[in-house]
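# Tertiary structure, described
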Amino acid sequence: SSLEQEKQYVGFATLPNQVHRKSVKKGFDFTLMVAGESGLGKSTLVNSLFLTDLYKERKMLNAEERINQTVEIIKHTVDIEEKGVKLKLTIVDTPGFGDAVNNTECWKPITDYIDQQFEQYFRDESGLNRKNIQDNRVHCCLYFISPFGHGLRPVDVEFMKALHEKVNVVPLISKADCLTPGEMKKLKDRVKEEIEKLGIKVYQFPDCDSDEDEEFKQQDKELKESTPFAVIGSNTVVDVKGQRVRGRLYPWGIVEVENQSHCDFVKLRNMLIQTHMHDLKDVTCDVHYENYRAQCIQHMTSKLTQDNRIESPLPILPLATPDVETEKLIKMKDEEVRR
């Protein structure tokens, strides 16, 4: 029977290994945007997530400078390698967001940046050198919600509404150690309810396939129940019962960043890196970018119909008109078929 199996074995079962080898050789890229007002621990959380120090050269602004500051877009790129797998990680920071007295349309530079990345990718894809396209599209936006309130503020609502059809928005409640477990549950329920009521489309976890193992199904269920994630960031290592852990030391005790009974940091990290990074990239490519691309092509073709003189990278070819001889042959063939 084993000989029969060997005869029937063609070899395409090794395709996943081939794809794996090629992907590892090529490496991966991931672009993560962080947004939210100053002082919510965005930089600390990013450093905690990827165990890097992306903000060592940053200069802290005083209150007066912060009021006059406009929303900036700052990119930090770092190459990380783990067990031979290379990841080019780009963090897009948005300092100045939500810090002004008048925050009218403070999200505009952010939406413009996301559109510019789509436009650049569209131009590269339509160009000649398609093999070496740099993918700088934003795959995920972590939006930090303040724990010092009773749910979403108007600026939170407007920001998420402006971005939810352009990028995967993952809402987080920052500085979770400011609230008791009861207060945190109440705030989470309130935020979840408001997101649903206001029609904000945050990132939806894909449903598990029936053939997935029970452990993955349980993990997926926990992730869905935990949103919006309540997070704490810390780059300080403290001593807890003889063990060195990352956390925050308070007079009343220690908050451990990686303790799941203290916060959702581990769930967020697992979701972002271990389980859903590829899905975030797929949704960006298949949904958000495709919508942008369809709008671009629609706009270009409508312009062409209005004025044929406008040059376009997509030329409309004239329909071929059949010559007289071809028409005669078709008629003859039709008559033969009828007989």
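For the structure, check the block above.
Structural notes, computed from the coordinates. (Residues numbered from 1 in each chain as written. Predicted model: local features only at pLDDT ≥ 70, side-chain atom pairs only at ≥ 80, totals over all residues. Heavy atoms only, no water.)

### Looking at the packing of helix H8 (residues 214-226) against helix H9 (residues 265-275)
Where H8 contacts H9, the axes come no closer than 10 Å and their chain directions differ by 125°. With respect to H9, the axis of H8 lies oblique. Crossing angle aside, the handedness with which H8 passes H9 is left-handed. For the pair H8 and H9, the contacting residues are Phe216, Gln219, Glu222, Leu223 and Ser226 in the first and Lys267, Asn270, Met271 and Thr275 in the second. Looking at the contact of H8 with H9 residue by residue, the classes come out as three nonpolar, four polar and two charged. (Axes fitted to C-alpha atoms, helices over the stretch in contact; angles between N-to-C directions. Helix = DSSP H or I, 4+ residues; strand = E, 2+ residues; numbered from the N terminus. Parallel < 35°, antiparallel > 145°, perpendicular 65-115°, else oblique. Left-handed = near helix turned anticlockwise from the far one by under 90°. Contact = heavy atoms within 4.5 Å. Nonpolar A, V, L, I, M, F, W, Y, C, P; charged D, E, K, R; others polar.)

### Let's talk about the sheet that holds strand E3 (residues 85-93)
With mixed pairing, six strands are arranged side by side in an open sheet as E2-E3-E1-E4-E5-E6. Looking at which strands have only one partner, the edges of the open sheet turn out to be strand E2 (74-82) and strand E6 (229-230). Here strand E1 (residues 28-35) pairs with E3 via seven bridges, running parallel. From the neighbouring strand, Phe30 faces E3, where its bridge partner is Leu89. (Pairing = 2+ DSSP bridges.)

### Looking at the pairing of strand E5 (residues 169-173)
With five of its five residues buried, E5 lies for the most part within the structure. As paired strands, strand E4 (residues 140-145) and E5 are joined by five bridges and run parallel to one another. Among the inter-strand pairings, Phe144 is bridged to a residue of E5, identified as Leu172. Once you follow E4 into helix H6 (residues 154-163) and on to E5, the crossover reads as right-handed. Where E5 meets E6, two bridges bridge the pair, whose relative direction is parallel. Of the residues in E6, the one forming a bridge with Leu172 is Phe229. (Buried < 20%, exposed > 50% of the residue type's maximum accessible area, 1.4 Å probe, protein only. Right-handed = clockwise from strand over helix to strand, strands pointing away.)

### Some remarks on the side chain of Asp177
Mapped onto the elements, Asp177 comes out in the loop between E5 and helix H7 (181-197). Here Asp177 sits buried without a salt bridge, and the closest side chain of opposite charge, Arg248, lies 4.3 Å off (N-O distance). Side chain to side chain, Asp177 and Tyr250 meet in a polar contact 2.4 Å long. Setting aside chain neighbours within four positions, we find Asp177 in contact with Ile232, Arg248, Tyr250 and Val255. (Lys, Arg positive; Asp, Glu negative; His and termini not counted. Salt bridge = Lys/Arg side-chain N within 4 Å of Asp/Glu carboxyl O. Polar contact = N/O pair within 3.5 Å; in protein donor to acceptor, adjacent residues only side chain to side chain.)

### Section: the side chain of Ser226
By the element assignment, Ser226 lies in helix H8. Overall, the relative accessible area of 5% leaves Ser226 in the buried class. In this structure the side chain of Ser226 is engaged in a polar contact, spanning 2.7 Å, whose partner is the backbone oxygen of Glu222. Here Ser226 is in contact with Lys188, Asp264 and Lys267, once residues within four sequence places are set aside.

### So, the nonpolar core
In this structure, Leu142, Phe159, Leu268, Met271 and Leu272 are the most contacted members of the largest nonpolar core, which totals 69 residues. Sequence-distant contacts of Phe159, that is, excluding residues within four places in its chain, are made with Ala35, Phe97, Trp107, Ile110, Cys141 and Tyr143. (Core = buried A, V, L, I, M, F, W, Y, C linked by side-chain atoms within 4.5 Å.)

### A short note on the environment of Thr104
Relative to the elements of secondary structure, Thr104 occurs in the loop between E3 and helix H5 (108-126). A residue is classified by how much of its surface remains accessible, and Thr104, at 60% relative accessible area, is exposed. Considered as a pair, Thr104 and Val155 are 51 residues apart in the sequence and their alpha carbons are 8.3 Å apart.

### Quick word on the pairing of E1
For E1, the buried fraction is high: six of the eight residues fall into the buried class. Taken together, the four bridges between E1 and E4 define a ladder with parallel strand orientation. When the bridges of E4 are listed, Ala35 appears paired with Tyr143.

### A few points about the packing of H5 against helix H10 (residues 277-306)
Where H5 contacts H10, the two axes come as close as 10 Å, and the packing angle between them is 75°. Between H5 and H10, the interaxial angle falls into the category roughly perpendicular. Touching Asp115, Phe118, Glu119, Tyr121, Phe122 and Glu125 of H5 are Thr284, His288, Tyr289, Tyr292, Arg293, Cys296, Ile297 and Met300, all from H10. Class assignment of the residues belonging to the contact of H5 with H10 gives a composition of eight nonpolar, two polar and four charged.

### Remarks on the pattern of salt bridges
By the definition in use, this model includes 16 salt bridges. One salt bridge connects Asp29 with Lys281, and the closest N-O pair in it is separated by 3.2 Å. Highlighted residues: Asp29 in strand E1 and Lys281 in helix H10, separated in sequence by 252 residues. Since its relative accessible area comes to 25%, Asp29 is described here as partly exposed. Here Lys281 falls in the buried class, since its relative accessible area comes to 19%. The salt bridge involving Asp115 is made with Lys166; its shortest N-O contact spans 3.1 Å. One end of the pair, Asp115, is in helix H5; the other, Lys166, is in the loop between H6 and E5, and 51 residues separate them in sequence.

That is the geometry; function is a separate question.
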